[in-house]
Amino acid sequence: MFRVRQQANRLLPNILRIHRSLHTEIAFAFDIDGVLLRSKEPISGASEALKLCHDNKIPFILLTNGGGTSENQRTAFLSDALRVPLSPSQIIQSHTPFKTLVPEYKKVLAVGSPTVREVAEMYGFEKVVHPMDIVRYDPSIAPFSGVSKDVRMELSREIPGLDKEPFEAILVFNDSRDWGADIQIILDLLNSENGMLNTVRQARPNAPPMSKPSVPIYFSNNDLVWANQYVLNRVGQGAFRTVIETLYSRLNYGAQLENTIIGKPTAVTYDFAHHILIKWREKLASGSKNEIPLPKLGVSPESSPFSKVFMVGDNPASDIIGAHNYGWSTCLVRSGVYRDGDPLPCHPTIIADNVFDAVKRAIG
Ligand code: G3P
Ligand code: MG
(Lines give C-alpha, C1' and ligand atoms only; values in the text may rest on other atoms or scores of the structure.)
(Ligands and ions follow the chains in the order given, each with its own letter.)
Protein backbone atom coordinates (compact mmCIF):
# COMPACT_ATOMS: atom_id res chain seq x y z
CA MET A 1 0.00 0.00 0.00
CA PHE A 2 2.80 2.38 0.96
CA ARG A 3 4.69 1.53 -2.25
CA VAL A 4 1.63 2.42 -4.31
CA ARG A 5 1.32 5.80 -2.62
CA GLN A 6 4.99 6.57 -3.14
CA GLN A 7 4.76 5.66 -6.80
CA ALA A 8 1.62 7.72 -7.29
CA ASN A 9 3.07 10.77 -5.54
CA ARG A 10 6.33 10.61 -7.42
CA LEU A 11 4.38 10.88 -10.64
CA LEU A 12 2.14 13.62 -9.36
CA PRO A 13 2.66 16.93 -11.13
CA ASN A 14 4.11 19.61 -8.81
CA ILE A 15 1.30 21.99 -9.51
CA LEU A 16 -1.17 19.50 -8.13
CA ARG A 17 0.76 19.00 -4.90
CA ILE A 18 0.92 22.75 -4.31
CA HIS A 19 -2.59 23.77 -5.32
CA ARG A 20 -4.69 20.79 -4.27
CA SER A 21 -7.87 22.80 -3.78
CA LEU A 22 -7.82 23.95 -7.39
CA HIS A 23 -8.25 20.38 -8.47
CA THR A 24 -11.62 19.95 -6.85
CA GLU A 25 -12.80 21.61 -10.04
CA ILE A 26 -12.00 18.45 -11.89
CA ALA A 27 -13.47 15.08 -11.15
CA PHE A 28 -13.40 11.54 -12.45
CA ALA A 29 -15.95 8.83 -13.09
CA PHE A 30 -14.28 5.45 -13.43
CA ASP A 31 -15.77 2.49 -15.20
CA ILE A 32 -15.02 -0.82 -13.44
CA ASP A 33 -14.96 -3.83 -15.81
CA GLY A 34 -12.15 -3.39 -18.31
CA VAL A 35 -10.76 -0.31 -16.52
CA LEU A 36 -10.21 -1.22 -12.86
CA LEU A 37 -10.85 -4.98 -12.99
CA ARG A 38 -11.06 -7.90 -15.41
CA SER A 39 -13.43 -10.28 -13.65
CA LYS A 40 -12.13 -9.97 -10.09
CA GLU A 41 -8.50 -9.23 -10.98
CA PRO A 42 -7.19 -5.64 -10.70
CA ILE A 43 -5.92 -4.16 -13.96
CA SER A 44 -2.42 -2.71 -14.00
CA GLY A 45 -2.44 0.92 -12.84
CA ALA A 46 -5.94 0.79 -11.32
CA SER A 47 -4.84 1.00 -7.71
CA GLU A 48 -2.35 3.78 -8.46
CA ALA A 49 -4.97 5.82 -10.34
CA LEU A 50 -7.50 5.70 -7.50
CA LYS A 51 -4.85 6.40 -4.89
CA LEU A 52 -3.68 9.42 -6.82
CA CYS A 53 -7.21 10.85 -6.75
CA HIS A 54 -7.87 9.81 -3.16
CA ASP A 55 -4.62 11.22 -1.74
CA ASN A 56 -5.15 14.51 -3.52
CA LYS A 57 -8.84 14.85 -2.70
CA ILE A 58 -9.85 14.84 -6.34
CA PRO A 59 -13.54 13.87 -6.31
CA PHE A 60 -14.26 10.58 -8.06
CA ILE A 61 -16.98 8.01 -8.38
CA LEU A 62 -17.14 4.52 -9.84
CA LEU A 63 -19.77 4.32 -12.56
CA THR A 64 -20.39 0.78 -13.74
CA ASN A 65 -22.96 -1.05 -15.80
CA GLY A 66 -22.25 -4.08 -13.63
CA GLY A 67 -24.18 -5.08 -10.54
CA GLY A 68 -25.69 -7.96 -8.64
CA THR A 69 -24.40 -7.07 -5.18
CA SER A 70 -25.19 -4.25 -2.80
CA GLU A 71 -23.23 -1.01 -3.05
CA ASN A 72 -21.74 -1.77 0.39
CA GLN A 73 -20.48 -5.21 -0.62
CA ARG A 74 -19.10 -3.98 -3.94
CA THR A 75 -17.16 -1.11 -2.37
CA ALA A 76 -15.78 -3.38 0.37
CA PHE A 77 -14.50 -5.77 -2.29
CA LEU A 78 -13.04 -3.02 -4.50
CA SER A 79 -11.47 -1.21 -1.61
CA ASP A 80 -9.70 -4.38 -0.60
CA ALA A 81 -8.73 -5.46 -4.12
CA LEU A 82 -7.45 -2.02 -5.11
CA ARG A 83 -6.06 -1.07 -1.69
CA VAL A 84 -7.76 2.32 -1.54
CA PRO A 85 -10.45 3.58 0.86
CA LEU A 86 -13.82 3.83 -0.90
CA SER A 87 -17.26 4.80 0.36
CA PRO A 88 -20.49 3.08 -0.80
CA SER A 89 -21.68 6.59 -1.72
CA GLN A 90 -19.02 6.66 -4.43
CA ILE A 91 -20.35 3.72 -6.41
CA ILE A 92 -23.16 3.78 -8.92
CA GLN A 93 -23.98 0.36 -10.26
CA SER A 94 -26.29 -0.20 -13.22
CA HIS A 95 -29.23 -0.82 -10.89
CA THR A 96 -28.49 1.80 -8.21
CA PRO A 97 -31.10 4.19 -9.74
CA PHE A 98 -33.75 1.46 -9.23
CA LYS A 99 -33.81 2.64 -5.61
CA THR A 100 -35.86 5.59 -6.80
CA LEU A 101 -38.61 3.22 -8.02
CA VAL A 102 -39.36 1.79 -4.57
CA PRO A 103 -42.31 4.15 -3.88
CA GLU A 104 -43.85 3.24 -7.26
CA TYR A 105 -43.87 -0.56 -7.20
CA LYS A 106 -44.66 -3.07 -4.49
CA LYS A 107 -44.41 -6.48 -6.18
CA VAL A 108 -41.53 -6.77 -8.65
CA LEU A 109 -39.85 -9.50 -10.68
CA ALA A 110 -36.11 -9.07 -10.06
CA VAL A 111 -34.19 -10.65 -12.95
CA GLY A 112 -30.49 -11.52 -12.85
CA SER A 113 -28.14 -13.44 -10.59
CA PRO A 114 -29.78 -15.06 -7.54
CA THR A 115 -28.16 -12.30 -5.43
CA VAL A 116 -30.38 -9.59 -6.89
CA ARG A 117 -33.25 -10.69 -4.64
CA GLU A 118 -31.31 -9.48 -1.62
CA VAL A 119 -30.30 -6.27 -3.39
CA ALA A 120 -33.91 -5.49 -4.33
CA GLU A 121 -35.08 -6.18 -0.78
CA MET A 122 -32.32 -4.02 0.63
CA TYR A 123 -33.43 -1.18 -1.66
CA GLY A 124 -36.85 -1.48 -0.04
CA PHE A 125 -39.08 -3.27 -2.56
CA GLU A 126 -41.79 -4.94 -0.51
CA LYS A 127 -42.44 -8.11 -2.53
CA VAL A 128 -39.51 -9.38 -4.55
CA VAL A 129 -39.86 -12.43 -6.78
CA HIS A 130 -36.96 -14.02 -8.66
CA PRO A 131 -37.74 -16.01 -11.84
CA MET A 132 -36.43 -19.12 -10.05
CA ASP A 133 -39.29 -18.79 -7.54
CA ILE A 134 -41.72 -19.01 -10.46
CA VAL A 135 -40.04 -22.13 -11.87
CA ARG A 136 -40.14 -23.65 -8.38
CA TYR A 137 -43.88 -22.93 -8.18
CA ASP A 138 -44.45 -24.76 -11.49
CA PRO A 139 -41.43 -26.22 -13.35
CA SER A 140 -43.54 -26.66 -16.51
CA ILE A 141 -43.46 -22.84 -16.90
CA ALA A 142 -39.83 -23.18 -18.06
CA PRO A 143 -39.37 -26.82 -19.01
CA PHE A 144 -35.81 -26.34 -20.31
CA SER A 145 -34.42 -24.18 -17.53
CA GLY A 146 -30.65 -24.56 -17.26
CA VAL A 147 -30.76 -24.57 -13.46
CA SER A 148 -30.82 -28.01 -11.84
CA LYS A 149 -33.60 -28.88 -9.42
CA ASP A 150 -31.14 -29.08 -6.52
CA VAL A 151 -29.75 -25.62 -7.18
CA ARG A 152 -33.24 -24.22 -7.70
CA MET A 153 -34.48 -25.65 -4.42
CA GLU A 154 -31.50 -24.14 -2.65
CA LEU A 155 -31.72 -20.66 -4.17
CA SER A 156 -35.44 -20.12 -4.73
CA ARG A 157 -38.28 -19.43 -2.31
CA GLU A 158 -41.83 -20.55 -2.02
CA ILE A 159 -43.81 -17.33 -2.37
CA PRO A 160 -47.25 -17.46 -0.74
CA GLY A 161 -49.97 -16.18 -3.07
CA LEU A 162 -47.55 -15.90 -6.01
CA ASP A 163 -50.44 -16.16 -8.50
CA LYS A 164 -52.93 -14.13 -6.47
CA GLU A 165 -51.50 -10.62 -6.80
CA PRO A 166 -50.32 -8.88 -9.99
CA PHE A 167 -46.69 -8.09 -10.73
CA GLU A 168 -46.21 -4.33 -10.95
CA ALA A 169 -42.81 -4.13 -12.67
CA ILE A 170 -40.03 -6.22 -14.16
CA LEU A 171 -36.58 -4.98 -13.17
CA VAL A 172 -33.58 -6.51 -14.95
CA PHE A 173 -30.83 -5.95 -12.39
CA ASN A 174 -27.92 -7.64 -14.15
CA ASP A 175 -27.10 -10.36 -16.67
CA SER A 176 -29.56 -13.24 -16.78
CA ARG A 177 -28.11 -16.52 -15.51
CA ASP A 178 -30.79 -18.67 -17.13
CA TRP A 179 -31.72 -17.03 -20.42
CA GLY A 180 -34.32 -19.58 -21.55
CA ALA A 181 -36.34 -19.52 -18.34
CA ASP A 182 -35.99 -15.77 -17.81
CA ILE A 183 -37.04 -14.93 -21.39
CA GLN A 184 -40.10 -17.17 -21.10
CA ILE A 185 -41.20 -15.74 -17.75
CA ILE A 186 -40.62 -12.12 -18.81
CA LEU A 187 -42.65 -12.66 -22.00
CA ASP A 188 -45.42 -14.31 -19.98
CA LEU A 189 -45.72 -11.26 -17.73
CA LEU A 190 -45.39 -8.70 -20.54
CA ASN A 191 -48.30 -10.42 -22.30
CA SER A 192 -50.33 -11.27 -19.20
CA GLU A 193 -53.72 -9.96 -18.13
CA ASN A 194 -52.71 -7.01 -15.93
CA GLY A 195 -49.56 -8.67 -14.60
CA MET A 196 -51.24 -11.83 -13.27
CA LEU A 197 -49.25 -15.03 -13.57
CA ASN A 198 -50.91 -17.84 -15.61
CA THR A 199 -52.98 -15.41 -17.69
CA VAL A 200 -52.72 -13.99 -21.21
CA ARG A 201 -54.26 -10.74 -22.38
CA GLN A 202 -56.62 -10.82 -25.33
CA ALA A 203 -55.92 -8.60 -28.32
CA ARG A 204 -58.98 -6.55 -29.25
CA PRO A 205 -60.11 -7.10 -32.87
CA ASN A 206 -58.69 -4.45 -35.24
CA ALA A 207 -56.75 -2.77 -32.39
CA PRO A 208 -53.24 -1.51 -33.23
CA PRO A 209 -50.31 -3.72 -32.14
CA MET A 210 -49.79 -3.44 -28.39
CA SER A 211 -46.51 -1.68 -27.75
CA LYS A 212 -47.34 -1.11 -24.10
CA PRO A 213 -46.77 -4.32 -22.16
CA SER A 214 -49.03 -5.36 -19.30
CA VAL A 215 -46.17 -4.86 -16.86
CA PRO A 216 -43.53 -2.12 -17.29
CA ILE A 217 -40.03 -3.43 -17.87
CA TYR A 218 -36.76 -1.71 -16.93
CA PHE A 219 -33.32 -2.75 -18.16
CA SER A 220 -30.42 -1.56 -16.03
CA ASN A 221 -27.86 -1.58 -18.82
CA ASN A 222 -27.70 -1.84 -22.55
CA ASP A 223 -24.21 -3.24 -23.13
CA LEU A 224 -24.17 -5.42 -26.20
CA VAL A 225 -20.71 -6.62 -25.14
CA TRP A 226 -18.43 -6.33 -22.13
CA ALA A 227 -14.94 -7.52 -21.17
CA ASN A 228 -14.07 -10.24 -18.67
CA GLN A 229 -10.86 -12.30 -18.41
CA TYR A 230 -11.63 -14.17 -21.66
CA VAL A 231 -9.74 -13.06 -24.75
CA LEU A 232 -12.90 -12.02 -26.65
CA ASN A 233 -15.71 -9.67 -25.59
CA ARG A 234 -18.81 -11.33 -24.09
CA VAL A 235 -22.45 -10.49 -24.91
CA GLY A 236 -24.26 -8.59 -22.17
CA GLN A 237 -27.66 -7.34 -21.06
CA GLY A 238 -28.12 -5.35 -24.28
CA ALA A 239 -28.13 -8.65 -26.17
CA PHE A 240 -30.68 -10.07 -23.72
CA ARG A 241 -32.90 -7.02 -24.25
CA THR A 242 -32.65 -7.45 -28.03
CA VAL A 243 -33.96 -11.01 -27.71
CA ILE A 244 -36.85 -9.91 -25.47
CA GLU A 245 -37.78 -7.06 -27.83
CA THR A 246 -37.60 -9.27 -30.91
CA LEU A 247 -39.76 -12.00 -29.41
CA TYR A 248 -42.24 -9.49 -28.00
CA SER A 249 -42.57 -8.00 -31.46
CA ARG A 250 -43.05 -11.43 -33.09
CA LEU A 251 -45.71 -12.33 -30.54
CA ASN A 252 -47.52 -9.00 -30.91
CA TYR A 253 -47.86 -8.48 -34.66
CA GLY A 254 -44.77 -6.28 -35.02
CA ALA A 255 -45.34 -4.08 -31.96
CA GLN A 256 -42.25 -2.29 -30.61
CA LEU A 257 -41.92 -3.08 -26.91
CA GLU A 258 -42.12 0.05 -24.74
CA ASN A 259 -39.41 -0.21 -22.14
CA THR A 260 -37.06 1.85 -20.01
CA ILE A 261 -33.31 1.52 -20.32
CA ILE A 262 -30.97 3.08 -17.78
CA GLY A 263 -27.23 2.70 -17.24
CA LYS A 264 -24.48 4.13 -19.41
CA PRO A 265 -24.79 5.64 -22.03
CA THR A 266 -28.20 7.05 -21.01
CA ALA A 267 -28.44 10.66 -19.86
CA VAL A 268 -30.61 9.47 -16.95
CA THR A 269 -27.64 7.63 -15.46
CA TYR A 270 -25.16 10.43 -16.20
CA ASP A 271 -27.49 12.92 -14.47
CA PHE A 272 -27.78 10.58 -11.50
CA ALA A 273 -23.98 10.20 -11.39
CA HIS A 274 -23.42 13.93 -11.73
CA HIS A 275 -25.65 14.65 -8.70
CA ILE A 276 -23.69 12.11 -6.66
CA LEU A 277 -20.34 13.53 -7.78
CA ILE A 278 -21.40 17.03 -6.75
CA LYS A 279 -22.54 15.81 -3.33
CA TRP A 280 -19.40 13.71 -2.92
CA ARG A 281 -17.25 16.79 -3.58
CA GLU A 282 -19.20 18.69 -0.89
CA LYS A 283 -18.76 15.79 1.51
CA LEU A 284 -15.00 15.69 0.87
CA ALA A 285 -14.72 19.41 1.46
CA SER A 286 -16.82 19.48 4.64
CA GLY A 287 -15.78 16.12 6.08
CA SER A 288 -19.47 15.46 6.77
CA LYS A 289 -20.44 11.92 7.72
CA ASN A 290 -24.01 12.36 6.43
CA GLU A 291 -25.28 10.01 3.75
CA ILE A 292 -25.69 11.43 0.28
CA PRO A 293 -29.42 11.85 -0.50
CA LEU A 294 -30.86 9.83 -3.36
CA PRO A 295 -31.09 12.00 -6.49
CA LYS A 296 -34.40 12.17 -8.38
CA LEU A 297 -34.39 10.15 -11.59
CA GLY A 298 -34.37 12.16 -14.83
CA VAL A 299 -33.50 15.52 -13.24
CA SER A 300 -30.30 17.32 -14.28
CA PRO A 301 -28.23 19.21 -11.68
CA GLU A 302 -29.06 22.92 -11.85
CA SER A 303 -25.37 23.82 -11.91
CA SER A 304 -22.04 22.09 -11.59
CA PRO A 305 -18.93 23.12 -9.64
CA PHE A 306 -16.70 21.17 -12.04
CA SER A 307 -14.85 22.72 -14.93
CA LYS A 308 -14.17 19.20 -16.24
CA VAL A 309 -15.38 15.73 -15.44
CA PHE A 310 -13.43 12.87 -17.04
CA MET A 311 -15.16 9.58 -17.71
CA VAL A 312 -12.53 6.84 -17.91
CA GLY A 313 -13.95 3.86 -19.77
CA ASP A 314 -13.14 0.93 -22.03
CA ASN A 315 -16.40 0.69 -23.94
CA PRO A 316 -16.88 3.32 -26.69
CA ALA A 317 -20.58 2.45 -27.08
CA SER A 318 -21.30 2.90 -23.39
CA ASP A 319 -18.80 4.94 -21.35
CA ILE A 320 -17.41 7.14 -24.10
CA ILE A 321 -20.43 8.10 -26.18
CA GLY A 322 -22.56 8.51 -23.03
CA ALA A 323 -20.08 10.89 -21.41
CA HIS A 324 -19.40 12.70 -24.68
CA ASN A 325 -23.12 13.34 -25.26
CA TYR A 326 -23.43 14.49 -21.67
CA GLY A 327 -20.68 17.08 -22.13
CA TRP A 328 -17.98 15.37 -20.08
CA SER A 329 -14.41 14.76 -21.21
CA THR A 330 -13.57 11.18 -22.10
CA CYS A 331 -10.59 8.89 -21.55
CA LEU A 332 -10.79 5.69 -23.58
CA VAL A 333 -8.46 2.96 -22.31
CA ARG A 334 -7.07 -0.04 -24.15
CA SER A 335 -7.40 -2.44 -21.20
CA GLY A 336 -10.91 -3.75 -21.98
CA VAL A 337 -13.51 -3.85 -24.77
CA TYR A 338 -11.80 -1.35 -27.11
CA ARG A 339 -9.05 -2.43 -29.49
CA ASP A 340 -7.03 -0.04 -31.67
CA GLY A 341 -8.74 0.31 -35.02
CA ASP A 342 -12.26 -0.35 -33.71
CA PRO A 343 -14.78 2.20 -35.06
CA LEU A 344 -15.44 5.03 -32.61
CA PRO A 345 -18.81 6.79 -32.19
CA CYS A 346 -17.03 10.06 -31.26
CA HIS A 347 -13.55 11.40 -30.72
CA PRO A 348 -12.34 10.66 -27.15
CA THR A 349 -10.46 13.44 -25.35
CA ILE A 350 -7.66 10.99 -24.48
CA ILE A 351 -6.85 7.44 -25.55
CA ALA A 352 -4.54 5.74 -23.05
CA ASP A 353 -3.10 2.30 -22.38
CA ASN A 354 -4.56 2.10 -18.90
CA VAL A 355 -6.38 4.07 -16.25
CA PHE A 356 -3.30 5.40 -14.47
CA ASP A 357 -1.92 6.71 -17.72
CA ALA A 358 -5.32 8.31 -18.43
CA VAL A 359 -5.51 10.05 -15.03
CA LYS A 360 -1.97 11.43 -15.25
CA ARG A 361 -2.66 12.85 -18.69
CA ALA A 362 -6.04 14.26 -17.65
CA ILE A 363 -4.66 16.19 -14.70
CA GLY A 364 -1.35 16.87 -16.53
O1 G3P B 1 -22.26 -5.09 -19.06
C2 G3P B 1 -21.55 -5.79 -18.13
C3 G3P B 1 -20.90 -4.95 -17.08
O4 G3P B 1 -20.19 -5.80 -16.24
C5 G3P B 1 -20.01 -3.86 -17.59
O6 G3P B 1 -19.48 -3.16 -16.50
O7 G3P B 1 -17.95 -1.62 -15.33
O8 G3P B 1 -17.65 -2.05 -17.78
O9 G3P B 1 -19.60 -0.73 -16.99
P10 G3P B 1 -18.62 -1.81 -16.67
MG1 MG C 1 -16.15 -1.40 -18.89
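About the cut-offs
- Residues numbered from 1 in each chain as written.
- Chains lettered and ligands numbered in written order.
- Predicted model: local features only at pLDDT ≥ 70, side-chain atom pairs only at ≥ 80, totals over all residues.
- Heavy atoms only, no water.
- Helix = DSSP H or I, 4+ residues; strand = E, 2+ residues; numbered from the N terminus.
- Polar contact = N/O pair within 3.5 Å; in protein donor to acceptor, adjacent residues only side chain to side chain.
- Contact = heavy atoms within 4.5 Å.
- Disulfide = S-S within 2.5 Å.
- Pairing = 2+ DSSP bridges.
- Axes fitted to C-alpha atoms, helices over the stretch in contact; angles between N-to-C directions.
- 1 Å grid on protein atoms, 1.4 Å probe; cavity = no way out; pocket = protein on both sides within 12 Å on 5 of 7 lines; lining within 4 Å.
- Points joined across faces, edges and corners; volume = space filled by probe spheres on them.
- Domains from an automatic or database assignment.
- Nonpolar A, V, L, I, M, F, W, Y, C, P; charged D, E, K, R; others polar.
- Buried < 20%, exposed > 50% of the residue type's maximum accessible area, 1.4 Å probe, protein only.
- Salt bridge = Lys/Arg side-chain N within 4 Å of Asp/Glu carboxyl O.

Enquirer: Would you mind showing me how to read the side chain of His95 here?
Expert: Along the chain, His95 falls in the loop between strand E5 (91-92) and strand E6 (107-111). A polar contact is formed between the side chain of His95 and the side chain of Tyr123, at a distance of 2.8 Å. In this structure, His95 is in contact with Gly67, Gly68, Thr69, Glu71, Val119, Tyr123, Phe173 and Ser220, ignoring residues within four places of it in sequence.

Enquirer: Even after reading the chapter, I still don't get the state of the cysteines, so can you show me in this structure?
Expert: One way to say it: the disulfide is the covalent bond shared by the sulfur atoms of two cysteines. Tallied over the full model, the rule gives zero disulfides. Unpaired in terms of disulfides, Cys331 finds its nearest cysteine sulfur in Cys53, a separation of 10 Å.

Enquirer: When you look at the sheet that holds strand E8 (residues 169-172) in this model, what are you seeing that I'm missing?
Expert: Across a sheet, paired strands are connected by hydrogen bonds in the backbone, their directions being either parallel or antiparallel. Judged by pairing direction, the sheet is parallel, and its five strands sit side by side in the order E7-E6-E8-E9-E12 without closing on themselves. The sheet is open, and its two borders are formed by strand E7 (127-129) and strand E12 (260-261), each paired with just one other strand. Strand direction decides the pairing type here: strand E9 (residues 217-219) and E12, joined by two bridges, are parallel. Each bridged residue has a counterpart across the sheet, and for Phe219 the counterpart in E12 is Ile261. Against the sheet, helix H8 (residues 179-190) touches E6, E8 and E9, its axis set at about 150° to E6.

Enquirer: I tried to follow the layout of surface pockets on my own but got confused; where do I start?
Expert: It is the rolling of a water-molecule-sized probe over the atoms that shows where space remains empty. Considering only enclosed or pocket space, the largest pocket measures out at about 670 Å³ in volume. Listing elements by their share of the lining of the largest pocket, those giving two or more residues are helix H4 (71-82), strand E10 (225-226) and helix H11 (316-326). It is H4 that contributes the most residues to the lining of the largest pocket, three residues altogether. Here the lining of the largest pocket spans two domains, and each of domain 1 (27-94 + 265-271 + 278-363) and domain 2 (97-261) adds at least three residues to it. Within this model, the second largest pocket holds a volume of roughly 450 Å³. Going through the elements one at a time, H4, E5, helix H5 (116-123) and helix H10 (267-286) are the ones with two or more residues in the lining of the second largest pocket. Looking at the lining of the second largest pocket residue by residue, the classes come out as eleven nonpolar, five polar and three charged. Looking at the lining of the second largest pocket, you find at least three residues from each of domain 1 (27-94 + 265-271 + 278-363) and domain 2 (97-261).

Enquirer: Mind showing me how you'd approach unusual backbone geometry here?
Expert: Across the junction of Lys264 and Pro265, the peptide omega takes the value 10°, indicating a cis bond. Inspection of the secondary structure puts Pro265 in the loop between E12 and H10. In this structure, Lys57 is a non-glycine residue whose phi angle is positive, near 55°. The residue Lys57 is located in the loop between helix H3 (46-55) and strand E4 (60-63) in this model. Its relative accessible area of 51% is what places Lys57 among the exposed residues. Even without being a glycine, Tyr253 presents a positive backbone phi close to 55°. If you trace the backbone, Tyr253 turns up in the loop between helix H9 (237-251) and E12. Taking the relative accessible area as the measure of exposure, Tyr253 reaches 72% and is therefore exposed.

Enquirer: How should I be thinking about the sheet that holds strand E15 (residues 350-352) in this particular structure?
Expert: Sheet architecture is open: six strands sit in the order E5-E4-E1-E13-E14-E15, paired in parallel fashion. A strand with exactly one partner marks an edge of an open sheet, and here the two such strands are E5 and E15. Pairing analysis gives four bridges linking strand E13 (residues 308-313) to strand E14 (residues 329-333), with the strands arranged parallel. Considered in E14, the bridge of Phe310 is made with Ser329. Taken strand by strand, H10 contacts strand E1 (26-30), E4, E5 and E13, and its axis lies near 150° from that of E4.

Enquirer: Please explain the pattern of salt bridges as it appears in this structure.
Expert: Note that side chains of opposite charge can pair when their charged atoms are close. Applying the stated rule across the entire model yields ten salt bridges. Between Lys264 and Asp31 there is a salt bridge, with its nearest N and O atoms 2.5 Å apart. Within this pair, whereas Lys264 is found in the loop between E12 and H10, its partner Asp31 is found in the loop between E1 and strand E2 (37-38), the two being separated by 233 residues in sequence. Judged by relative accessible area, which is 1%, Lys264 ranks as buried. A salt bridge links Asp340 to Arg334, with the shortest nitrogen-to-oxygen separation between them at 3.0 Å. One salt-bridge network, held together by shared partners, links Asp31, Lys264 and Asp319.

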